[in-house]
Amino acid sequence: MIDAAKTIKNWLEPIVNSFKDERYSNGFTEANNNTIDKIIDRAYGYKNFGFFRLKTLAIL
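Thresholds applied
Residues numbered from 1 in each chain as written. Predicted model: local features only at pLDDT ≥ 70, side-chain atom pairs only at ≥ 80, totals over all residues. Heavy atoms only, no water. Helix = DSSP H or I, 4+ residues; strand = E, 2+ residues; numbered from the N terminus. Rg over C-alpha atoms; globule rule 2.2 N^0.38 Å. Buried < 20%, exposed > 50% of the residue type's maximum accessible area, 1.4 Å probe, protein only. Areas by Shrake-Rupley, 256 points an atom, 1.4 Å probe, with all protein chains shown as cover. Phe/Tyr/Trp six-rings, centres within 6.5 Å; stacked < 30°, edge-to-face > 60°.

Asks: Any chance you could explain the overall build of the protein here in plain terms?
Replies: When helices and strands are counted, the protein shows four helices and zero strands. Counting helices and strands in the order they occur from the N terminus, the protein gives α-α-α-α. Relative to the 2.2 N^0.38 estimate, which gives 10 Å for 60 residues, the radius of gyration of the protein is 18 Å and therefore markedly larger than a compact globule would have. With respect to the three principal axes, the spread of C-alpha positions in the protein is 50 × 30 × 15 Å. Of all 60 residues assigned to the protein, the portion counted as buried reaches 7%. Carbon and sulfur atoms form 59% of the exposed surface of the protein, whose accessible area is close to 5,800 Å².

So, in structure tokens, the structure goes:
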């Protein structure tokens with residue numbers, strides 16, 4: 001808990017600023033990660049990373 005408190009104290013200003021400024025969002029990144037996770041769930045048939053990469057690029 002002490003380490004967590006120190007981390008929050010050191011980063012308090014950027015944390016508060018992230019809530020004030022609504023222009024920035026990680027929604028786009030989260031959507032891409034979700035899509036990649038779905039591809040991975042269905043990727044049991046891919047023989048190598050190259051096929052997986054091509055499928056991911058085609059979808060995104």
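Asks: Got a minute to help me understand the packing of aromatic side chains in this structure?
Replies: Aromatic ring pairs are reported here in terms of the distance separating the ring centres and the angle at which the planes meet. This structure, assessed with the given rule, holds one aromatic pair. Residues Phe49 and Phe52 carry aromatic rings whose centres are separated by 5.9 Å and whose planes lie at 50° to one another, so their mutual orientation is tilted. Placement of the pair is Phe49 and Phe52 together in helix α4 (residues 49-59), with a separation of three residues, close to one helical turn. Assessed through its relative accessible area of 16%, Phe52 is described here as buried.

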